[in-house]
Amino acid sequence: MLIKTNAHGFNHAVPSEITPQGIYQSRRDLIKLMATGTAGAALASWAGRDALAQAVPKPGKLAVLAGAKSAVAGAVTMEKVTDYKDATSYNNFYEFGTDKADPARNAATLPVKPWSVAVEGLVKNPKNFTLEELLKLSPQEERIYRLRCVEGWSMVIPWVGYSLSELIKKVEPLGSAKYVEFITLADPKTMPFVGSRVLEWPYVEALRLDEAMHPLALLTFGMYGEVLPNQNGAPVRMVVPWKYGFKSGKSIVKIRFTDKEPRTAWNKAAAQEYGFYSNVNPLVDHPRWSQATERRIGEDGLFAKKRKTLMFNGYEAQVGQLYAGMDLKKNF
Amino acid sequence: MAAWMAGRQKWLLHPAAKPLIFMVCLLPFAWLFYAAWSDQLGANPAEALVRATGDWTLRFVCIVLAVTPLRVITRTPALARFRRMLGLFAYFYVVLHLLSYSWFDMGFDVADIARDIAKRPFILVGFSAFVLLTPLAATSFNAAIKAMGAKRWQLLHKLVYLIAGLGLLHFFWMRAGKNNFNEVFVYAAIVALLLGWRVWNHWAKARRRVSNNAAVGVH
């Protein structure tokens, strides 16, 4: 008998948290009524939009990058996928501006071709990979991950890529390597906010080596069955689903293996607010806001209740053992 | 020049002027209401509403603080007719701000809201500004002025300077996590300019009084 457990990614709302269909339907009817009653057809199309589309929609805007369904435990959540429009218009990518709408507006200038990623530091086989080499290094998989931003909102995004561990195995880290550092592009000519004092550039993020080796840590080249849009970190980024979104560096140009914990961008900017680990943790509040709940973007409009944030963003069964014995309040 | 001045006064004193400005002040609300129902507030409409109503509160505080300097500098006494209405619009937008936060952010959970206010200094500061603005809004009818006496009423309404400062601090703190202060500085510069003018004007008037007194030989 096949029993689906948390380990398979079936970490879902308990039945008591699911809005009864009757209430859900009456809410939508109310919205529809108000929309048609107040402003006619333009509004009705919004109210009538497909609320429960399950299959990953192919937006048809960029080059196709298909991935086979992933067999990694926890890699495919069954939750409703966020609209492509929302996932590509509501972004934090400070190199292109601090407003969430800025990256979609400004990132067209990102020079994604040609692209290469230098893998260096404490490894046996350092190498400068071209993007084409990286794309072919391992079979592409589709992973449907929850994404939780430290600001208190979340999305569900179908990424395409493969486990970072595939790349790490190829370059063979030395015994002395303890951390993996991701350095992202900082090109003042094409990125208008590189040079602003919001952060120290280039943007740097890092993982402990065992975190980086976890199969859920995804080296990512695409989303929604296509290559990454510029504002989402084209052409290659990290996605670490059990950590706050900012841990997943975008538009990576260098991956470096080190023996010392690297100083990361947000940690340098405000160490008391953004720790090195930054695991999603409802019990450790940000100094200025609670992390106990989150707003799922695009979920049933304004009146949706915020949902409870899950430990490790719901990936505790998969990654909890990485932090056994650690005080997660101190190592936040 | 005199004709132009007289003409401007006439327009401002026209019976339609107040309703017209009232409608203009209502436009941001009308737009937000329409945008919310037509899904034009972006991916996170709750956040957009909380932010927009906060922005409009700050803007109306700046506008209401600008009335007196404008009235004096341009010698247009008729501008004073609109000050109370503009102040009430600042209150209207701060109520919407608090309502959006309580509803869309906190789901009207009073215990959660109370915890949030106690725990987060920037919410506490914003909430204090709202609380302090409430008696100003509540005493904005003629009978209240009469009952309180003009002096005391005026003293109470001087609270607006403190409220403007608290509002700015609330905004500053909100943006502090991302070191993104550009907009905060714009509002702070406007408020500083408007309050600075008052200090300067007060000082200049006092000096004029002294020199006038000296001229007529009063010591």
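Chain B carries the name Protein-methionine-sulfoxide reductase heme-binding subunit MsrQ in UniProt, which gives Polaromonas naphthalenivorans as its organism. According to the UniProt record, the Subunit comment for chain B reads "Heterodimer of a catalytic subunit (MsrP) and a heme-binding subunit (MsrQ)." Regarding chain B, the relevant UniProt record gives this comment under Subcellular location: "Cell inner membrane".

With an unreviewed UniProt entry as reference, chain A is termed Protein-methionine-sulfoxide reductase catalytic subunit MsrP, source organism Polaromonas naphthalenivorans. On record in UniProt, under Sequence similarities (unreviewed entry), the comment for chain A is "Belongs to the MsrP family." Turning to chain A, the UniProt annotation filed under Subunit (unreviewed entry) states: "Heterodimer of a catalytic subunit (MsrP) and a heme-binding subunit (MsrQ)."

(A) Structural detail: the UniProt feature "domain: Oxidoreductase molybdopterin-binding" (unreviewed entry) in chain A. Sites flagged by UniProt as "domain: Oxidoreductase molybdopterin-binding" (unreviewed entry) map to residues 113–266 of chain A. Secondary structure over residues 113–266 of chain A splits into 14% helix and 38% strand, and the C-alpha atoms at its two ends are 28 Å apart.

(B) Region of interest: the pattern of salt bridges. Residue and element names in this part refer to chain A. In the structure shown here, the tally under the stated rule is 26 salt bridges over all chains. Among the ionic pairs, Arg 148 bridges to Glu 294, the shortest N-O distance being 2.9 Å. In this pair, Arg 148 sits in strand β4 (residues 141–148) while Glu 294 sits in strand β12 (residues 293–296), placing the two residues 146 residues apart along the sequence. Overall, Arg 148 belongs to the buried group, its relative accessible area being 0%. One network of salt bridges, in which partners are shared, links Glu 79, Arg 146, Arg 148, Glu 294, Arg 296, Glu 299 and Arg 307.

(C) Looking closely at empty space enclosed by the protein. Residue and element names in this part refer to chain A. Applying the stated rule across the entire model yields one cavity of 30 Å³ or more. For the largest cavity, the calculated volume is near 440 Å³. Lining the largest cavity are 28 residues; nearest its centre among them are Asn 92, Phe 93, Gly 245, Phe 246 and Lys 250. No other element matches strand β5 (residues 153–163), which puts four residues into the lining of the largest cavity. Its residues placed into classes, the lining of the largest cavity shows 16 nonpolar, seven polar and five charged.

(D) A look at the packing of aromatic side chains. Enumeration according to the criterion identifies 31 aromatic pairs over all chains in this entry. Measuring from ring centre to ring centre gives 5.3 Å for B:Phe60 and B:Tyr93, while their planes differ by 10 degrees; the resulting arrangement is stacked. With B:Phe60 in helix α3 (residues 45–73) and B:Tyr93 in helix α4 (residues 83–105), the pair connects residues that are 33 residues apart, well separated along the chain. Each member of the pair, B:Phe60 as well as B:Tyr93, is classed as buried. Here the aromatic residues B:Phe22, B:Phe29, B:Phe33, B:Trp37, B:Trp56, B:Phe60, B:Phe89, B:Phe92 and B:Tyr93 are joined through ring pairs into a cluster of three or more. Against the face of A:Tyr90 rests A:Lys100, its NZ or CZ located 5.3 Å from the ring centre.

Calculation criteria
Residues numbered from 1 in each chain as written. Chains lettered and ligands numbered in written order. Predicted model: local features only at pLDDT ≥ 70, side-chain atom pairs only at ≥ 80, totals over all residues. Heavy atoms only, no water. UniProt positions renumbered as here; feature names shortened; annotations may be inferred. Helix = DSSP H or I, 4+ residues; strand = E, 2+ residues; numbered from the N terminus. Salt bridge = Lys/Arg side-chain N within 4 Å of Asp/Glu carboxyl O. Buried < 20%, exposed > 50% of the residue type's maximum accessible area, 1.4 Å probe, protein only. 1 Å grid on protein atoms, 1.4 Å probe; cavity = no way out; pocket = protein on both sides within 12 Å on 5 of 7 lines; lining within 4 Å. Points joined across faces, edges and corners; volume = space filled by probe spheres on them. Nonpolar A, V, L, I, M, F, W, Y, C, P; charged D, E, K, R; others polar. Phe/Tyr/Trp six-rings, centres within 6.5 Å; stacked < 30°, edge-to-face > 60°. Lys NZ or Arg CZ within 6 Å of the ring centre and 35° of its normal.

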